[in-house]
Amino acid sequence: MLRSLSIAIFVLLLPAQACADTPAPPPVITLRILDHTLTAEIAHTPAAREKGLMHRSALEQNRGMLFIFPTVDIYGMWMLNTAIPLSVAFLDEQGIILNIANMAPFSTVPHYSAKPAKYALEMNLGWFTEKGITVGHQAHGLDQAPVAE
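Residues numbered from 1 in each chain as written. Predicted model: local features only at pLDDT ≥ 70, side-chain atom pairs only at ≥ 80, totals over all residues. Heavy atoms only, no water.

A. Spatial organisation of the pattern of salt bridges. Inspection of the entire model under this criterion finds two salt bridges. In this structure, R56 engages E41 in a salt bridge whose closest nitrogen and oxygen atoms are separated by 2.6 Å. With R56 in the loop between helix 2 (46–51) and strand 3 (63–73) and E41 in strand 2 (residues 36–43), the pair connects residues that are 15 residues apart, well separated along the chain. On the accessibility criterion, E41 (4% relative accessible area) is buried. Here R63 and E41 are joined by a salt bridge, their closest N and O atoms 3.3 Å apart. Linking R63 in strand 3 with E41 in strand 2, this pair joins segments that are 22 residues apart in sequence. Via salt bridges that share partners, E41, R56 and R63 belong to a single interconnected network. (Salt bridge = Lys/Arg side-chain N within 4 Å of Asp/Glu carboxyl O. Helix = DSSP H or I, 4+ residues; strand = E, 2+ residues; numbered from the N terminus. Buried < 20%, exposed > 50% of the residue type's maximum accessible area, 1.4 Å probe, protein only.)

B. Spatial organisation of the side chain of T45. By secondary structure assignment, the location of T45 is in the loop between strand 2 and helix 2. Judged by relative accessible area, which is 18%, T45 ranks as buried. Of note is the side chain of T45, whose polar atom sits 3.1 Å from the backbone nitrogen of A48. (Polar contact = N/O pair within 3.5 Å; in protein donor to acceptor, adjacent residues only side chain to side chain.)

C. The arrangement of the sheet that holds strand 2 in detail. Taking strand neighbours across the sheet as the criterion, the seven strands line up as 6-5-8-3-2-1-9 in an open arrangement whose pairing is mixed. Looking at the sheet topology across the chains shown, the edges are occupied by strand 6 (97–103) and strand 9 (139–140). The sheet contact formed by strand 1 (residues 28–33) and strand 2 spans six bridges and is antiparallel. Looking at strand 2, one finds that I33 is bridged to H36. (Pairing = 2+ DSSP bridges.)

Take a look at the structure:
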């Protein structure tokens, strides 16, 4: 009986292990800037912020990544292991865009916030310009974002 019990436990644990090996989809948030809506994956943990959009070959239209920092400070973003050309907007605590920088794939040159920032929003290269979004515009929906770790 002990042998059949251990086999049954193994069979029950196997599906749980298979699920654990499949990465969970990243949390997302819907943001609005001017009359444009976007979906942003959330990077609010140290591991998620470190990984960012690395090792991806494409980013869907109107989709990006929102980096949430634990404190308001000057932050820099770079493109280590990131193949997608991106634009990054640095935002203050109210979601006001402080500055926007264009970033080349695989570059380790940092692009810094012009002032202390709470968020950085990465989108496909030129997305902000194409939408007429500039410094001073506000991202709405940040109140739904999780707290940074």
